[in-house]
Amino acid sequence: MTIHNLYIFDRNGTLMYYGEWNRKKAGTMNKEEEGKLVYGMLFSLRSFLEKISPLDLKDNSFCYRTSKYKMNYWESPTGVKFVMNTDLSSPNVKDLLRLIYQMVYVEYVVKNPVCPMGEYIHSELFAQKLDEVVKSSLIYTSKTS
């Protein structure tokens, strides 16, 4: 099981953070452009799912699976969106995304008066704590494994 990368978007769709662990293929565009592309796809997918799903989407999460990876989406009660790409064998990561929100985002961004809301997160402490939470999860596998 492998975690490839994580995108964090604010409620307006602005990329606030990008983290990468085991991404096999380097991106061909800068992170801001890639973030806009990912958010646009998420916006369209969410709208599509809300229209055709026979179930109510109250939990604000879904998983989009391709033949190569899974894109896991979870939206916090405050509208912050977390998108984690994993390999196909990884289980649903909704609990991990919720944990990242509660233990890392809220503690090191929301409660940090130096970290302006709605802007890209440049905090080294945030990045360090996020890395610790991701690497301690059962889903994480390093490139050397």
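No experiment lies behind these values; they were computed from the predicted model shown. Residue numbers run consecutively from 1 along every chain, following the written order of its sequence. Per-residue local features are limited, in this predicted model, to residues with pLDDT of at least 70; the limit for side-chain atom pairs, both in listing and counting, is 80 or more; totals at the level of whole chains, interfaces and linings are taken over all residues. Derived side-chain values reflect all non-hydrogen atoms in the structure, with water molecules and hydrogen atoms excluded from consideration.

Let us now look at the side chain of E34. In this structure, E34 sits in helix α1 (residues 31–52). Only protein chains enter the accessibility calculation, which uses a 1.4 Å probe; a residue is then buried when its area is under 20% of its type maximum, exposed when over 50%, and partly exposed in between. With a relative accessible area of 7%, E34 lands in the buried category. There is a polar contact of 2.3 Å between the side chain of E34 and the side chain of Y7. Put simply, DSSP H or I for four residues or longer makes a helix, DSSP E for two residues or longer makes a strand, and each gets a number counted from the N terminus. Contacts described as polar in this section are N or O atom pairs within 3.5 Å, which, within protein, must combine one atom able to donate a hydrogen with one able to accept it, while residues neighboring in sequence count only if both atoms come from side chains.

Stacked, edge-to-face and tilted are the three classes for Phe, Tyr and Trp ring pairs, Trp counted by its six-membered ring, which pair at centre distances within 6.5 Å; planes under 30 degrees apart are stacked, over 60 edge-to-face, the rest tilted. Summed over all chains, the structure comprises ten aromatic pairs. On the numbers, 5.9 Å between centres and 35° between planes, the contact of W74 with F82 is tilted. Like W74, the residue F82 is buried in the burial classification. Taken together, the ring pairs in this structure connect Y7, F9, Y18 and Y39 into an aromatic cluster.

Before going further, it helps to spend a moment on the sheet that holds strand β3 (residues 61–65). Strand pairing requires that DSSP identify at least two bridges connecting the strands. Spatially, the five strands line up as an open sheet ordered β2-β1-β5-β4-β3, and their pairing is antiparallel. Each of the sheet's edge strands pairs with one partner strand only, and the pair in question is β2 (15–20) and β3. With direction set aside, neighbouring strand axes in the sheet form an average angle of 15°. Strand direction decides the pairing type here: strand β1 (residues 3–9) and β2, joined by five bridges, are antiparallel. Its bridge partner being in β2, F9 is matched across the sheet by L15. Only the stretch in contact is used when fitting a helix axis, every axis being a line fitted to C-alpha atoms; angles between N-to-C directions are given from 0 to 180 degrees.

Before going further, it helps to examine the packing of helix α2 (residues 94–110) against helix α3 (residues 124–136). At a closest axis distance of 10 Å, the pairing of α2 and α3 adopts a crossing angle of 155°. When the axis of α2 is compared with that of α3, the two are roughly antiparallel. Crossing geometry of α2 relative to α3 is assigned as right-handed. Across the interface between the two elements, L96, L99, I100, V104, Y105, Y108 and V109 of α2 pack against L125, F126, K129, L130, V133 and V134 of α3. Ten residues, namely Ala, Val, Leu, Ile, Met, Phe, Trp, Tyr, Cys and Pro, are considered nonpolar, four, namely Asp, Glu, Lys and Arg, are considered charged, and the remaining ones, Gly among them, are considered polar. The residue inventory of the contact of α2 with α3, partitioned by class, reads twelve nonpolar, no polar and one charged. Roughly parallel refers to an angle under 35 degrees, roughly antiparallel to one over 145, roughly perpendicular to one between 65 and 115, and oblique to any angle outside these ranges. Crossing handedness is read from the near helix: turned anticlockwise from the far helix by less than a right angle, it gives a left-handed crossing, and turned clockwise, a right-handed one. Contacts: residue pairs with any heavy atoms within 4.5 Å of one another.

Let us now look at the nonpolar core. Ranked by size, the top nonpolar core spans 25 residues in total, and within it L6, F82, M84, I100, Y105, F126 and L130 carry the most contacts. Mapped by element, the contributors of at least two residues to this core are β1, β2, β5 (81–86), α2 and α3. Beyond its immediate sequence surroundings of up to four residues, L130 is in contact with L6, Y17, W21, I100 and V104. In this structure, Y7, V38, F62 and V83 belong to the second largest nonpolar core, which totals twelve residues. Among the buried residues, those of types Ala, Val, Leu, Ile, Met, Phe, Trp, Tyr and Cys that are joined through side-chain atoms within 4.5 Å form a nonpolar core.

Among the six residues of strand β4 (residues 70–75), six are classified as buried, and the element is accordingly described as predominantly covered. Pairing geometry for β3 and β4, over five bridges, is antiparallel. For F62, the partnering residue across the bridge sits in β4 and is Y73. Count of turn residues in the β3/β4 antiparallel hairpin: four residues. Of the strand pairs in this sheet, β4 and β5 are connected by six bridges, and their pairing is antiparallel. When the bridges of β5 are listed, W74 appears paired with F82.

Just geometry here; none of it tells us what the structure is for.
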